[in-house]
Amino acid sequence: MALAPNVYDAEPIPDAARAEIDRLLTSGDLFRYTSENAPVSLLEADFAEMMGVRYALAVSSCSAALFLTLKALDLPAGARVLIPAFTFAAVPSAIVHADCVPVLAEVGADYRLDLADFEAKLDDTIDAVLISHMRGHTSDMDAILRLAEAKGVPVIEDAAHSLGTLWHGRKIGTLGRVGCFSFQSYKLVNSGEGGIMVTDDPEIAARAIIMSGAYEHNWKKHPGMQNSFHHWQNKLPLYNMRMNNLSAVLVRAQLPEVARRVTDGRANHDYVAGLLNASPWLSVPPALAPEERAPDSIQFNLDGFATDAEAHAFQAAAKAQGVSVQVFGLSEDNARAYWNWQFLGETADLPKTRAMLMRACDVRLPARLTREDLDFIATALVRAATEVKGQATGVAAE
Ligand SMILES: *Cc1c(COP(=O)(O)O)cnc(C)c1O
């Protein structure tokens with residue numbers, strides 16, 4: 001019998017990184033601003049070219065990129081930032097860190113923004129919109145950009161988990177004013193920790209570069225924007241959220257792998273989705289028409305599971321076969337369940353998002369898995385659902 005696949009390990013770092021890391025270990029040249037053409041600068045140039053944008057700024061995490069973006073937009077203290085309620089706790093945290101106030105909009109059973117609630121909450125009190133493409137799921141960006149434009153508020157994309165995703169063939173993370181990506185180990189490109197922000201706006205780029213910690217005249221090591229830098233010199237705080245050269249070497253070595261990881265991840269996801277959708281008890285919401293996904297995990301809903309006890313029984317049955325399933329809302333203290341973000345104070349209940357979180361399952365599905373691994377996972381999940389809910393006979397065993 002096949003063994004349960006390990007879905008947690010990352011892929012090995014490509015050998016191309018070794019010689020450069022050796023060089024850095026020998027020279028000790030780890031700080032991005034010591035030499036010209038340091039690995040962090042080269043990464044910024046590579047990433048900007050890959051995404052087709054004018055500016056990229058590599059920093060210590062996606063959270064830091066989101067924080068610097070909000071600061072670079074020069075939002076007043078107390079500014080209200082509208083976000084989807086299905087996201088990771090780091091996102092409302094970055095907003096709080098930037099002295100702004102997160103406002104949560106409902107998310108539907110398809111993991112995407114509920115546009116009616118989004119439009120209702122996008123009133124004159126909202127200063128910015130931050131769209132978290134949670135688990136790589138893309139909400140209707142056409143509608144979001146149109147509604148935000150009509151209100152004259154900027155759209156920031158949290159594309160932490162969306163590297164390689166397309167919308168009408170355009171790269172996610174380049175649709176809004178600023179896009180932010182993560183290189184934390186559970187994302188498509190892994191340097192342990194790290195993030196990068198991309199924009200075409202020279203003022204935002206200049207302000208973010210200075211605030212990221214380009215103290216004194218270190219901004220001269222960034223291309224372009226010299227007038228903006230002169231203007232902002234000494235006028236902005238230095239938050240020191242720079243990336244170090246070792247991380248940049250790890251990221252650069254993986255950029256040539258991105259296309260393969262995207263293709264394989266999508267094929268794996270769609271294969272497992274087909275098997276899960278054949279069960280009457282499991283459903284994988286389809287992508288929106290303009291969206292081409294780049295998944296490294298799969299989310300699906302438990303259908304007809306009337307009680308939390310049934311959902312727990314499904315988790316236990318899958319676990320007994322070697323497959324761990326997270327149901328976002330069922331585990332205590334889950335960082336993706338908005339009711340656990342107590343640092344926000346009192347937040348209104350969001351019944352749609354809550355209902356989704358209580359039945360939405362999450363299984364990692366890294367691009368390196370084999371067909372045998374995928375069959376193992378899908379079979380275990382379908383069997384677990386059948387064990388709890390019975391064989392589909394048209395007369396559900398409720
Ligand atoms: C991982 C993640 C983040 C946080 O990224 P860090 O680099 O760990 O700060 C934010 N948003 C989403 C959607 C994520 O998946």
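Note that the coordinates shown come from a computational prediction; the quantities given were computed from them, not determined experimentally.

Its boundaries defined by the atoms lining it, the largest pocket holds a volume of some 610 Å³. For the largest pocket, the lining is made up of 30 residues, of which F88, R135, Q184, K187 and R336 are closest to its centre. Broken down by class, the residue content of the lining of the largest pocket amounts to 11 nonpolar, 12 polar and seven charged. There is about 320 Å³ of room inside the second largest pocket. Contributing to the lining of the second largest pocket are 23 residues, with S41, E44, K221, H222 and P223 lying nearest its centre. If you tally residues by element for the lining of the second largest pocket, the top one is helix α2 (residues 39-51), at five residues. Partitioning the lining of the second largest pocket into residue classes produces 13 nonpolar, five polar and five charged.

This part covers the sheet that holds strand β12 (residues 297-302). If you walk across this open sheet you meet the four strands as β10-β12-β14-β13, and the pairing is antiparallel. Either end of the sheet is taken by a strand with one partner, and the two such strands are β10 (282-283) and β13 (326-327). Sheet topology places β10 next to β12; two bridges connect them, and they run antiparallel. In the strand pairing of β12, L282 is matched with L302. The strands touched by helix α10 (residues 258-277) are β10 and β12; relative to β12, the strand with the most contacts, the crossing angle is about 15°.

As a further point, take the packing of α2 against helix α9 (residues 245-254). Direction vectors running N to C along α2 and α9 enclose 35°, while the axes themselves pass 8 Å from each other. You can see that α2 and α9 cross each other, and the crossing is left-handed. Facing P39, V40, L42, L43 and D46 of α2, the residues of α9 in contact are N245, A248, V249, V251 and R252. For the contact of α2 with α9, the residue count by class is seven nonpolar, one polar and two charged.

Rules of the game
- Residues numbered from 1 in each chain as written.
- Predicted model: local features only at pLDDT ≥ 70, side-chain atom pairs only at ≥ 80, totals over all residues.
- Heavy atoms only, no water.
- 1 Å grid on protein atoms, 1.4 Å probe; cavity = no way out; pocket = protein on both sides within 12 Å on 5 of 7 lines; lining within 4 Å.
- Points joined across faces, edges and corners; volume = space filled by probe spheres on them.
- Nonpolar A, V, L, I, M, F, W, Y, C, P; charged D, E, K, R; others polar.
- Helix = DSSP H or I, 4+ residues; strand = E, 2+ residues; numbered from the N terminus.
- Pairing = 2+ DSSP bridges.
- Contact = heavy atoms within 4.5 Å.
- Axes fitted to C-alpha atoms, helices over the stretch in contact; angles between N-to-C directions.
- Left-handed = near helix turned anticlockwise from the far one by under 90°.

On their own, these measurements won't tell you what the molecule is for.
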